[in-house]
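# Secondary and tertiary structure notes
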Amino acid sequence: MKKIVIAGHGKYASGMKSLLEFICGENPAVEYVDFEGDDAGLEARFEEIASSAEEIIFACDMAGATPFMKSVLLQRKHEGIYSVGGANASALVEAVNNLDAPAGEIAENLLAATKNSVRMMKRE
């Protein structure tokens, strides 16, 4: 089974859950993990998820921060784990709607979709 794990500081994951379920509907292949400062608890939750899935894409709020780094450490211990930091809501919607793709492709698409969805409108 493949999973996407959305993790981040404070209520980031809970907020993304609200957004993604509103747009995409509930999906048992998507897990949401809020990080509120308990490193050991976060690591244990990630390990629990890793034991229940063959492929996992960790989509964390910020590259280099604790949830991302914990997912990278887990990636070193298990095959089929991909860690992405900084993916935005548009990219996550696309990822959740394309869970039939291979995990590595989903992770690569998270990067591309994030870059391609950022826009700024200037008043001319």
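These lines cover the structure that appears in this document, whether it is placed above or below. Just so it is clear, the model here is predicted, and its values are computed rather than measured.

Parameters and conventions
- Residues numbered from 1 in each chain as written.
- Predicted model: local features only at pLDDT ≥ 70, side-chain atom pairs only at ≥ 80, totals over all residues.
- Heavy atoms only, no water.
- Pairing = 2+ DSSP bridges.
- Helix = DSSP H or I, 4+ residues; strand = E, 2+ residues; numbered from the N terminus.
- Axes fitted to C-alpha atoms, helices over the stretch in contact; angles between N-to-C directions.
- Contact = heavy atoms within 4.5 Å.

Moving on, we come to the sheet that holds strand β1 (residues 2–9). One open sheet holds the four strands; their spatial order is β2-β1-β3-β4, and the pairing between them is parallel. Each of the sheet's edge strands pairs with one partner strand only, and the pair in question is β2 (30–35) and β4 (81–85). Each neighbouring strand pair of the sheet contributes to a mean axis angle of 20°, computed without reference to strand direction. Here β1 pairs with strand β3 (residues 55–60) via six bridges, running parallel. Residue pairing across strands places Lys 2 opposite Glu 55, the latter belonging to β3. The sheet strands contacting helix α1 (residues 12–24) are β1 and β2, and the helix crosses β2 at an angle near 150°. Packed on one face of the sheet, helix α2 (residues 39–50) meets β1, β2, β3 and β4 and runs near 170° to β2.

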